[in-house]
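Residue-level listing of the chains:
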Amino acid sequence: MILVLEITGLERHLCTKTMDDKNKKISKILDKYKSSFSSTDLSSLESLLSNDSVVNENYLLFTDGACEFDNEYKPINAGIGGVIKLKNKILYSFSENVGVKTNNEAEYLALIKGLELCLKNNISNVLIFADSELVVKQINGDYKVKNERMAALHKKTHGLLKMLSSWEINHVLRDKNSEADDLSKQGLSK
């Protein structure tokens, strides 16, 4: 076990060194052609090259869906919510109404929205936490997806997950997902 950890640390060090070498080469090329770029584009490129340590950190994505029902227990309204954190600091959050959806659909839609927000903000290493055991187990392949609407959401979710460098999804109890839970409930009234 210790040997595996040492190799992993060495691999991480070599990977970081390789990225640093690549970034130095890219920076030299950019210096040659910097007059061709707008100041905004040049600033963005330099920022991307200088923030390797941030890119390699794991961000935390917490998502939740909420659903309201009529007297016959048919869904009449759904909301989604989530937060993206780094080192316990909330960087992004969302809260939206998604109309008439089942609770499970709302859970998937919250996860999809959170992943889209990660990708939009160049966040590629994500630890995901959701309080829907069904969604977590379906994403991890522990449960089959039988419902057609759920299958479409499952497929879309996996398409987004493939765009990340690394991800892991875990089931978390509702009390450990309170921020996303509150945001999904706020989404019900939007």
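All figures in this text were calculated on a predicted structure; none of them were measured in a lab.

Asks: Explanation requested: helix α7 (residues 178-188) in the structure shown.
Replies: Since the α-helix turns once every 3.6 residues, residues separated by three or four places project in the same direction. Every buried residue of α7 is listed here: A180, D181, L183, S184, G187 and L188. Buried residues of α7, seen end-on, are gathered within an arc of 165° and therefore sit on one face of the element. Where α7 is buried, its residues contact β1 (59-69), β2 (75-86) and β3 (89-99).

Asks: It is not clear to me how the nonpolar core should be interpreted in this structure. Could you clarify?
Replies: Across soluble globular proteins, you tend to see nonpolar side chains buried next to one another. Ranked by internal contacts, the top residues of the largest apolar core, which has 29 residues, are L61, I84, L111, L115, V126, I128 and I139. Within the residue set of this core, elements represented by two or more residues are β1, β2, β3, α4 (103-120), β4 (125-130), α5 (133-139) and α6 (148-161). Here the element with the most residues in this core is α4; it accounts for eight residues. Counting residues in each nonpolar core, the second largest holds six residues, with F62, F129, V172 and A180 among its members.

Asks: Would you explain the pairing of β1 in this entry?
Replies: Each regular strand carries side chains that alternate between the two faces of the sheet. Judged by how many residues are buried, β1 sits mostly within the fold: eight of 11 residues are covered. In terms of strand pairing, β1 meets β4 through five bridges, oriented parallel. Along β4, the bridge assignment pairs L60 with L127. Bridge analysis of β1 against β2 gives 10 bridges, and the strand direction is antiparallel. By the bridge assignment for β2, A66 is matched with G79. Hairpin connection of β1 to β2: five residues between the antiparallel strands, including Y73 at a positive phi of 60°.

Asks: Sorry, what's going on with the pattern of salt bridges here?
Replies: Note on pairing: side chains with opposite charge can pair once their charged atoms come close. Inspection of every chain in the model, using the stated rule, returns eight salt bridges. Two residues, K137 and E133, come together in a salt bridge whose shortest N-O distance is 4.0 Å. Pair noted here: K137 and E133 are both in helix α5, with a separation of four residues, about one helical turn. A relative accessible area of 40% places E133 in the partly exposed class. Several salt bridges converge on common partners, so that one network encompasses D131, R174, D181 and K185.

Asks: Can you walk me through the packing of aromatic side chains in this structure?
Replies: How two aromatic rings sit relative to each other is set out by the distance from centre to centre and by the angle between their planes. According to the stated counting rule, one finds two aromatic pairs in the structure shown. Ring geometry for F62 and F129: centres 5.0 Å apart, planes at 20°, overall stacked. Here F62, found in strand β1, pairs with F129, found in strand β4; they are 67 residues apart in sequence, far enough to count as distant. Among the residues examined, F62 registers a relative accessible area of 12% and is labelled buried. Lying across the ring of F62, K85 places its NZ or CZ 5.5 Å from the centre.

Asks: When you look at the packing of α4 against α6 in this model, what are you seeing that I'm missing?
Replies: What describes two packed helices is the angle between their axes and the distance between those same axes. At a closest axis distance of 10 Å, the pairing of α4 and α6 adopts a crossing angle of 20°. The pairing of α4 with α6 is recorded here as roughly parallel in orientation. Here α4 and α6 pass one another in a crossing that is left-handed. Taken together, the residues of α6 that come into contact with α4 (itself represented by N104, E105, Y108, L109, L111, I112, L115, E116 and L119) are R149, M150, L153, H154, K156, T157, L160 and L161. Of the residues contributing to the contact of α4 with α6, the split by class is 10 nonpolar, three polar and four charged.

Asks: Just to check I follow, could you spell out the sheet that holds β3 for this structure?
Replies: Each strand in a sheet pairs with another by means of backbone hydrogen bonds, the pair being arranged parallel or else antiparallel. Here we have five strands laid out as an open sheet, ordered β3-β2-β1-β4-β5, and mixed in their pairing. Every interior strand has two partners, whereas the edge strands, β3 and β5 (166-171), have only one. Taken over all neighbouring pairs, the strand axes of this sheet differ in orientation by 20° on average, direction set aside. Most of the contacts of α4 go to β1, to which it runs at about 150°, and overall it touches β1, β2, β3, β4 and β5. Against the sheet, α7 contacts β1, β2 and β3, and its axis sits at roughly 145° relative to β2.

Criteria and thresholds
- Residues numbered from 1 in each chain as written.
- Predicted model: local features only at pLDDT ≥ 70, side-chain atom pairs only at ≥ 80, totals over all residues.
- Heavy atoms only, no water.
- Buried < 20%, exposed > 50% of the residue type's maximum accessible area, 1.4 Å probe, protein only.
- Helix = DSSP H or I, 4+ residues; strand = E, 2+ residues; numbered from the N terminus.
- Arc of directions from axis to C-beta.
- Contact = heavy atoms within 4.5 Å.
- Core = buried A, V, L, I, M, F, W, Y, C linked by side-chain atoms within 4.5 Å.
- Pairing = 2+ DSSP bridges.
- Salt bridge = Lys/Arg side-chain N within 4 Å of Asp/Glu carboxyl O.
- Phe/Tyr/Trp six-rings, centres within 6.5 Å; stacked < 30°, edge-to-face > 60°.
- Lys NZ or Arg CZ within 6 Å of the ring centre and 35° of its normal.
- Axes fitted to C-alpha atoms, helices over the stretch in contact; angles between N-to-C directions.
- Parallel < 35°, antiparallel > 145°, perpendicular 65-115°, else oblique.
- Left-handed = near helix turned anticlockwise from the far one by under 90°.
- Nonpolar A, V, L, I, M, F, W, Y, C, P; charged D, E, K, R; others polar.

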